[in-house]
Amino acid sequence: MDKERLNQIIKEDLLLFINACCTCTVQKEFYTNRYEQKMSLDFLHEYMLINYRTYYMRILAVNINQFNKTIIILNLLSNGKSTPPQLRFEENRLITSALYKLPANRVYKLFQKIRQSGINNRRTRAIVKNYLNNRKDLSFDIVKYRKKINSAVAHNHIKLDGEANDFLFSGYKSGRFKTELFESFRQAHFSKEAVYKLPYTVAEGFVKKHKINRSIFLDKIKSKMTLNEKLRSQELGNKKNIKIKIDLSKASLTKIALYALSLPYSRRKERLDELDNALNKAAKRIISKWNLGLGKVAAVLDCSYSMSGSSEKKRRPLAITLAGHYLLKNASSEYKAFWTTDVKKSLLLQAKGQSDLNTPFLDALEWKPEKIIILSDGYDNSFWRISDIIRIFKTKIEKRKRTGVVHFNPVFDAHELEPRRISDLVPTIGLRDSEDIPSLLPFADLGEYKESLSKLENFLNYCKERLMKQVLI
Amino acid sequence: MNIDKINLKGLTLASAQTYGNVRMIPLIRNKIRGDLRIGLKSYDEDYSVVDLNDKTKYTSYIPHGFIVNWDNNGSPICSFGTELYRKNIRKDNKVRVKKRMVKKIDKNKLRLLPLHLSMEYYLAQHFFGSDIIWDEYSKDFTKYGLGSRSEFTYSGSDIYGLEKALKVFEINENQVGVLLYIADAFTSAFIVSHPNDYRKLHNSLVEDFYCDLIQHYNYLYKELPDMFPKIDDSNINSINDLRKALDNSRSDLKDFYNYTASNLLDCYVESKNIYKMGTFNLYNFITYLDEQNENHIGECIYREDGEIEYLKTYRLDKDQTNRIKLLKTLDKYDWNLRDTARSMNQSKNSLIQYIDKLGFGYILKPDILKNALNSL
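Criteria and thresholds
- Residues numbered from 1 in each chain as written.
- Chains lettered and ligands numbered in written order.
- Predicted model: local features only at pLDDT ≥ 70, side-chain atom pairs only at ≥ 80, totals over all residues.
- Heavy atoms only, no water.
- Helix = DSSP H or I, 4+ residues; strand = E, 2+ residues; numbered from the N terminus.
- Rg over C-alpha atoms; globule rule 2.2 N^0.38 Å.
- Buried < 20%, exposed > 50% of the residue type's maximum accessible area, 1.4 Å probe, protein only.
- Contact = heavy atoms within 4.5 Å.
- Phe/Tyr/Trp six-rings, centres within 6.5 Å; stacked < 30°, edge-to-face > 60°.
- Axes fitted to C-alpha atoms, helices over the stretch in contact; angles between N-to-C directions.
- Parallel < 35°, antiparallel > 145°, perpendicular 65-115°, else oblique.
- Left-handed = near helix turned anticlockwise from the far one by under 90°.
- Nonpolar A, V, L, I, M, F, W, Y, C, P; charged D, E, K, R; others polar.
- Buried area = accessible area lost by both parts, 1.4 Å probe.
- Salt bridge = Lys/Arg side-chain N within 4 Å of Asp/Glu carboxyl O.

### A short note on the overall build of chain B
Reasoning step 1: In terms of helices and strands, chain B carries eleven helices and 18 strands.
Reasoning step 2: Its C-alpha atoms give chain B a radius of gyration of 23 Å, within 12% of the compact-globule value 21 Å for 376 residues.
Reasoning step 3: Projected onto its principal axes, the C-alpha positions of chain B cover 75 × 60 × 40 Å.
Reasoning step 4: Burial status across chain B gives 53% buried among its 376 residues.
Reasoning step 5: Long-range pairs, those at least 24 residues apart, make up 68% of the contacts in chain B with a sequence separation of at least 6.

### Notes on the side chain of threonine 321 of chain B
Reasoning step 1: Within the secondary structure, threonine 321 of chain B sits in helix H8 (residues 318-332).
Reasoning step 2: When residues no more than four places from it in sequence are discounted, the contact partners of threonine 321 of chain B are Leu289, Asp290, Asn295 and Leu316 of chain B.

### Observations concerning the packing of aromatic side chains
Reasoning step 1: Counted under the stated rule, the structure contains 36 aromatic pairs over all chains.
Reasoning step 2: Ring geometry for tyrosine 108 of chain A versus phenylalanine 111 of chain A: centroids 6.0 Å apart, planes at 75 degrees, classification edge-to-face. Linking tyrosine 108 of chain A with phenylalanine 111 of chain A, this pair stays in helix H6 (residues 104-116), spanning three residues, or about one helical turn.
Reasoning step 3: Residue class for phenylalanine 111 of chain A comes out buried when judged on its relative accessible area of 3%.
Reasoning step 4: Taken together, the ring pairs connect Phe30, Tyr31, Tyr305 and Tyr379 of chain A together with Tyr19 of chain B into an aromatic cluster.

### Some words on the packing of helix H13 (residues 200-209) of chain A against helix H14 (residues 214-221) of chain A
Residue and element names in this part refer to chain A.
Reasoning step 1: Two elements in contact, H13 and H14, have axes separated by 11 Å at closest approach and are oriented at 155 degrees. Here H14 runs roughly antiparallel to H13, going by the angle between their axes. The hand of the H13/H14 crossing is right-handed. Note on element contacts: H14 touches H13 through Arg214, Phe217 and Ile221, opposite Tyr200, Ala203, Glu204 and Val207.
Reasoning step 2: Split into classes, the residues belonging to the contact of H13 with H14 amount to five nonpolar, no polar and two charged.

### Considerations on the interface of chain A and chain B
Reasoning step 1: Across the boundary between the two partners, chain A contributes 28 residues, which contact 34 residues of chain B.
Reasoning step 2: Carbon and sulfur atoms make up 58% of the area that chain A and chain B hide from each other, which totals about 2,900 Å².
Reasoning step 3: When the buried surface of chain A facing chain B is broken down by residue, Gln354, Phe383 and Trp384 of chain A rank first, second and third, together holding 30% of it.
Reasoning step 4: Inspection of the region where chain A meets chain B yields three salt bridges.
Reasoning step 5: For aspartate 363 of chain A, the salt bridge identified is with arginine 243 of chain B, shortest N-O distance 2.8 Å.

By themselves, these observations are geometric and do not establish any function.
What follows is the structure, encoded as structure tokens:
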């Protein structure tokens, strides 16, 4: 095989894997179930680990989703032997840096998995120890993630500073603690008041023990909630007539969209302005970090029934579409949205009807934009194949290439090992959070056939350097 | 007044949706009136016995019945299950005994057993046999008619992939029905009056029964080819051209869809008006029987102006078609075996053999049957 073809295959493999890593979280989707998803993703990771070890670790630096980052780290740690000696330093740095960028709950879950898979080597022990020792507020983590840290500490034989080991292994029975949070946790076993000094999820465990009234509990604990917990408990609070104060616009864009869509139609209508403001603000915050400079953009947005997600991911694809709509609206100088059904107010959106991409796409073409961005799960059941329309448009109507078309897909198709494509002429990019749109847009160009592997390699290198520079330990 | 053709007046076809080997074509109603509503009532017994008027009994597993409400003045009403009503408590029986296939349960409220209504119509065809006592027929047949008739069918849940396909199907706005194809064989048509009722009843298709042939096709063909039209792009130079071409092919494709169901929609049917409710009529029908083509039985409700309000069909497999065709031919010649044989270009003995092959051997005297079978 000639070298050029080989490079092409490598590039396709890499893009396929990155795409899968951006979308898949082994959760049930509308068309495929957990097992299908898991089988496909496990295969992809194993394939990459064996065939492209170097690329595999560098992909840690790309903006893939957190779930896949933890799988990559786990796979790398369990296969330390096959790392080429000259790359050991780089790999360790990448793993450590990636760990610091991940949220604590993901990391501790990973540590627990390390124990379950029986991975125990000097490097892993050092990495875990290093991570724990560098946490800013370890005692908080220890109280909140007791079981997980317990297993990490036991498995890796770590001696933590202060009373941590005593707390982890003897619990509240070992007598008074000097550390405030540990002491509160001990007291919470006996006193109702101490419960409210604990993190929300830990306090929740004591509610039944002390038979605390749920309304009183919610009212008193609300100050201890994290932003996402507050967002999640909004409806619970409404039911109990307790106002849990939250600055909606501080939450992440996709999370706000998810919250908005979870509200019943009438409540959404009441809070239209508030939600609209929050989404716009969150979108602007993301855009300010990136120099996108999008001109006249048309968005073809799918809100068919299949975008409603699954029991595990309720309305997630739809929320990503809605959030993407707000992001693009704020990022482009001129913007128009074309939905698959008749949507008057985007916030009052519902996932229903057939996926007819033909009509909105043609409408978008007529508007003559510079860029068309399609947000859809790729299942199209209109009269014509959307790929045919794109082909005719690109080859027959638009002779001098001008309009760029990009397809973002929030759903991983387990059968095809990647987010379902709508056309060979249009790059398809997997999407887990709409916030990633700016960082993933460069991939659209890399996916084109004429682009070479070296460009992708450069991109990976750039991401790698950036990550290593950001997190200095 | 009986109907002689099933038409889809007042309905539009939308583009087909495919999942695995199941293809469904949505039917969209142009004007929603809401004066006829259909609700679902589930039964959880192991099997049901239906007491028919004429002292016969129909026994089958019946998963649910449809409750039809209508308004004589054409004003909108709500469907069964959405109104306030007293829940009747009943004992946990294993068998349910019902009176009649179609029963008026209240003013302007009708209970019918979907598809079983058609099946019963099918099974009861020429049930009482001949008026003339021909020598060849057994004593029992001349006295009691066909006696006990039965047919085997498969439940929708036995058809692998149907349940999932129904679940992931994207219901259109104002959709009231669907044409169902399994492995690209036209299987069934289901239409109701109101889109909300359709949403509720969409999944009930998996509880319906389907013939042996469909189950076979389902095993044989797991994937279907795409059904997208080939586009002639030689004359397309602008977006307007593209739009025009799309509109043209849209209507072409709709004709094609119609063609795929032509054995139901273009065929003459033999129908019987079984109930009249205000401006609506409930019919049973059997399509004009043709061994070379697909044949369907079904039930439908038509409005007086000819708009279809309810339709449910069952596709007969080959043996079932042959059985009903044989009974019809025998009846046409007053159950005279020689005349019937002549009309079918067969000898009398081969006709007897044919009768036996289709499972009706018991209507003939044993010695005549034996002689005929030995003679060949």
